[in-house]
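Okay, here's what each chain looks like letter by letter:
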Amino acid sequence: MSSGFEYYERLDTESVKDKEAVLKIVTEAVNDEDVYFYAAIRNHKKVIQHFTDEGGVVPLPLLLLNVLSYGNLNDYNALTLEDSRYNKAVLHAKMQVLSFLSYCATVARGKSRVYYNDLQPALGCSSRKEVEQTLMKAISADLLKGALDQENNCVHVHSVSGRDVLLADLDQLINNLRKWEKKCEAESILLERQTL
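Residues numbered from 1 in each chain as written. Predicted model: local features only at pLDDT ≥ 70, side-chain atom pairs only at ≥ 80, totals over all residues. Heavy atoms only, no water.

- As recorded by an unreviewed UniProt entry, the protein carries the name PCI domain containing protein, putative and is attributed to Angomonas deanei.
- The annotation that UniProt attaches to the protein under Sequence similarities (unreviewed entry) is "Belongs to the CSN7/EIF3M family. CSN7 subfamily." (UniProt positions renumbered as here; feature names shortened; annotations may be inferred.)

Below, the structure is given as structure tokens:
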């Protein structure tokens, strides 16, 4: 798995100045099967400079980066991708993996076992085999640590990578981490009292 940092670095070079050069790098990053994180690229000053809202219409490269960073398969399916520069098969498979990460963080939060029957509609998969292929992509990209259980038609989730976080959501994330820290401190004090 790649973080996409090499594309960010390429955007940062002085030789990349015009809209077409920025679009070329963004397109390569979007089509790269090994890149799953796009917020840094999406928020790069040159991307913002060249792909801001044009009269209330968000340009396709920015829409696509938004969906890859923060969206799910339904958001992706709502896009009209008529531009031949984008590899639709790669993007669809990538969005299935990213939707799995989101599913684990929301619907299956805290569950160590997630069933294929639940994943199939959430990932837009037509079969159990397609669910397993999506999960294997997530495992091989090091986004999922777990094991497929074909006998019980589920995946045992040990951990999953988080998705990119919107800047607007950072305060809530920080608050959640502070609450968790307080709970950990309280548990630590309780354990310490029990050992005395």
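## Some thoughts on the UniProt feature "coiled-coil region" (unreviewed entry) in the protein
- Per the UniProt annotation, the sites labelled "coiled-coil region" (unreviewed entry) are residues 163-190.
- End C-alpha atoms of residues 163-190 are separated by 34 Å, and the span's content is 75% helix alongside 0% strand. (Helix = DSSP H or I, 4+ residues; strand = E, 2+ residues; numbered from the N terminus.)

## Here we look at a nonpolar patch on the surface
- A cluster of nonpolar side chains, contributed by V165, L167, L170, L173, I174, L177 and W180, occupies part of the molecular surface with about 670 Å² of accessible area.
- When you line up the elements, W180 lands in helix α10 (residues 170-195).
- For W180, a relative accessible area of 57% gives the class exposed. (Patch = residues over 30% accessible without salt bridge, like charges linked within 9 Å, V, L, I, M, F, W, Y side chains within 5 Å. Areas by Shrake-Rupley, 256 points an atom, 1.4 Å probe, with all protein chains shown as cover. Salt bridge = Lys/Arg side-chain N within 4 Å of Asp/Glu carboxyl O. Buried < 20%, exposed > 50% of the residue type's maximum accessible area, 1.4 Å probe, protein only.)

## Quick word on the packing of aromatic side chains
- Enumeration according to the criterion identifies one aromatic pair in this entry.
- Relative to Y8, the ring of F5 lies with its centre 6.1 Å away and its plane at 15°, an arrangement referred to as stacked. Remark: Y8 and F5 occur in helix α1 (residues 5-12); sequence separation between them is three residues, near one turn of the helix.
- Overall, F5 belongs to the partly exposed group, its relative accessible area being 46%. (Phe/Tyr/Trp six-rings, centres within 6.5 Å; stacked < 30°, edge-to-face > 60°.)

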